[in-house]
Amino acid sequence: MNKIVFAVALALLVAGTAVQGKSGIRVNKIPSFRWDQFLGKTVLVTGGSSGIGFGTALNFARFGARVVICSRDSNPAWFNGTDAARRINADPEVQSLGGYARWVKTDVAEPDQVDALIQNILDVEGTIDFVANNAGIAGFIGVLEDPKLEELLGTEHDTLRTNIFGQAQILAAVVGLWTNTSRGGVIVNTASVDGLHGAAEAPLYCSSKHAVIGLTKSVAMELATVNPPIRVNAIAPGFTDTSLVWQQCKYLDAQQQSWEGEYITHDHPLWKTYGHFYADAQPAGKLCDPMDQAKMIMYLCSEEASYISGAVMIVDGGVNDEGVDVQ
Ligand code: NAI
């Protein structure tokens, strides 16, 4: 008899009918991810020419979104925005749903360039629905007392300039646009697990990622009662298989900064020598795939995350916020 009651209850649940139990709790249909919710939507991905941003742009475009990627591209040999957009547009899954990507050269730390970027999107796509506020740099590695650090202030290698002011400017511009036009949307900032604990020899990077988490929580609170809703969340990636990590080999090898010397890829002898230190330090024995971060960004933008705001979602394969020591 009990089996029959259970079967009927399960059938009602699966059929989407709300069930009123003895306890008075209503149990609604278990939601499933609506695959078409990003179709034709406009998504801005900052730092979309490489790594996590590229994976995010590709993922959204595969769901039929119109994706604008921006990056600074001060070194075209490293992060080629035009080429990134071309690769996304050549993807058969992207083509099958009519999604696309296009690149707009922008330094997110420059207010005039951020204004021009937003205007460009309004002129072409007409609106912005979702933002992956992701552009970031590792910047200076070393101790705070290093005299080199002062030389970097205000330059493109200034971690605080890109990671804090860049993300804050994108946030301010997009939130301003949405509130002035009575529109809602979702912004996902890319923080880091280094925003949750200390990181030796990366004091400015670590501070910048703590700041991103502070920005996320503060702006989410400010916007909590806005209607239509504007949600602001952050992801906290662990070591992810991108250029940002590959370049760190130069520091392990010869105390070189990431922008100095040659560009490191998986084929480079330095990655072959030092890459496994990063992988070995992970519980799973491998780095996160950029697509793992992209999937979390997409989830946070989705209707399934409609009550999630001000959250920091850790995607680190189980490092559990303890930090890793690669040395
Ligand atoms: P990446 O180096 O592969 O990509 C960074 C992207 O940001 C590039 O497209 C670059 O052109 C762009 N960019 C840098 N400065 C910019 C600026 N001022 N204006 C516009 N674009 C700019 O690195 P990755 O790993 O994809 O980094 C993306 C984000 O993820 C960053 O915020 C980074 O701090 C964060 N992150 C990365 C982790 C990793 O292990 N790869 C771990 C935790 C966080």
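So, here's what we can say about the structure. Note that the coordinates shown come from a computational prediction; the quantities given were computed from them, not determined experimentally.

A look at the environment of Ser-208
Line of reasoning, step 1. Structurally, the position occupied by Ser-208 is in helix α8 (residues 203–222).
Line of reasoning, step 2. When the C-alpha positions of Ser-208 and Arg-161 are compared, they lie 9.0 Å apart, and in sequence the two are 47 residues distant.
Line of reasoning, step 3. In this structure, Ser-208 is in contact with Thr-159, Leu-160, Asn-163 and Ile-164, ignoring residues within four places of it in sequence.

Re the site of the ligand
Line of reasoning, step 1. The environment of the ligand is formed by 31 residues, the closest being Gly-47, Gly-51, Gly-136, Ser-192 and Thr-242.
Line of reasoning, step 2. For the shell around the ligand, the elements supplying multiple residues, two or more each, are α2 (51–62), β4 (66–71), α7 (159–180) and α9 (243–246).
Line of reasoning, step 3. Residues of the shell around the ligand, tallied by class, amount to 11 nonpolar, 17 polar and three charged.

As for the nonpolar core
Line of reasoning, step 1. Judged by nonpolar contacts, the single largest core of 59 residues is most densely connected at Ala-57, Phe-60, Ala-61, Val-67, Ile-69, Val-188 and Ile-297.
Line of reasoning, step 2. If we ignore the near neighbours within four places in the chain, the residues touching Ile-297 are Thr-56, Ala-132, Val-188 and Ile-235.
Line of reasoning, step 3. Of all hydrophobic cores here, the second largest spans 20 residues; its members include Ile-141, Ala-202, Ile-264 and Leu-287.

Some thoughts on the sheet that holds strand β9 (residues 312–315)
Line of reasoning, step 1. Overall, parallel pairing links the seven strands, which are arranged β5-β4-β3-β6-β7-β8-β9 in an open sheet. Each of the sheet's edge strands pairs with one partner strand only, and the pair in question is β5 (100–105) and β9. Neighbour-to-neighbour, the strand axes of the sheet open up by a mean angle of 20°, direction not taken into account.
Line of reasoning, step 2. Sheet analysis places strand β7 (residues 185–190) next to strand β8 (residues 230–237), joined by six bridges and oriented parallel. The residue of β8 that forms the bridge with Val-186 is Arg-231.
Line of reasoning, step 3. Lying over the sheet, helix α3 (residues 81–89) contacts β4 and β5, oriented at roughly 175° with respect to β5.

Quick look at unusual backbone geometry
Line of reasoning, step 1. Between Asn-227 and the following residue, Pro-228, the backbone shows a cis peptide bond with an omega angle of 0°.
Line of reasoning, step 2. Along the chain, Pro-228 turns up in the loop between α8 and β8.
Line of reasoning, step 3. Unusually for a residue other than glycine, Ser-182 sits at a positive phi of about 50°.
Line of reasoning, step 4. Checked against the element boundaries, Ser-182 lands in the loop between α7 and β7.
Line of reasoning, step 5. Positive phi, close to 65°, is recorded for Glu-201, a residue that is not glycine.
Line of reasoning, step 6. Here Glu-201 falls in the partly exposed class, since 15 other C-beta atoms lie within 10 Å of it.

With respect to the environment of Ile-141
Line of reasoning, step 1. Structurally, Ile-141 can be placed in the loop between β6 (130–133) and α6 (148–152).
Line of reasoning, step 2. The class of Ile-141 is buried, set by 23 C-beta atoms lying within 10 Å.
Line of reasoning, step 3. Sequence separation of Ile-141 and Pro-203 is 62 residues, and the distance between their C-alpha atoms is 8.1 Å.
Line of reasoning, step 4. If we skip the residues at most four places from it in the chain, Ile-141 touches Glu-201, Ala-202, Tyr-251 and Gln-257.

Some remarks on the pairing of β7
Line of reasoning, step 1. The element β7 is largely enclosed, with a buried count of six among its six residues.
Line of reasoning, step 2. Of the two faces of β7, the one lined by Gly-185, Ile-187 and Asn-189 and the one lined by Val-186, Val-188 and Thr-190 are each fully buried.
Line of reasoning, step 3. Pairing of β6 with β7 involves four bridges; the strand directions are parallel. When the bridges of β7 are listed, Asn-133 appears paired with Asn-189.
Line of reasoning, step 4. In this view, the connection linking β7 to its parallel neighbour β8 by way of α8 has right-handed handedness.

Comments concerning α3
Line of reasoning, step 1. Within the sequence span of α3, burial applies to Gly-81, Ala-84, Ala-85 and Ile-88. Looking straight down α3, one finds its buried side chains confined to an arc of 95°; they lie on one side.
Line of reasoning, step 2. Each element contacted by the buried residues of α3 is listed here: α2, β4, α4 (92–97) and β5.

Criteria and cut-off values
- Residues numbered from 1 in each chain as written.
- Predicted model: local features only at pLDDT ≥ 70, side-chain atom pairs only at ≥ 80, totals over all residues.
- Helix = DSSP H or I, 4+ residues; strand = E, 2+ residues; numbered from the N terminus.
- Contact = placed C-beta atoms within 7 Å.
- Near = placed C-beta within 6 Å.
- Nonpolar A, V, L, I, M, F, W, Y, C, P; charged D, E, K, R; others polar.
- Core = buried A, V, L, I, M, F, W, Y, C linked by C-beta atoms within 7 Å.
- Buried ≥ 20, exposed ≤ 12 C-beta atoms within 10 Å, placed from the backbone.
- Pairing = 2+ DSSP bridges.
- Axes fitted to C-alpha atoms, helices over the stretch in contact; angles between N-to-C directions.
- Right-handed = clockwise from strand over helix to strand, strands pointing away.
- Arc of directions from axis to C-beta.

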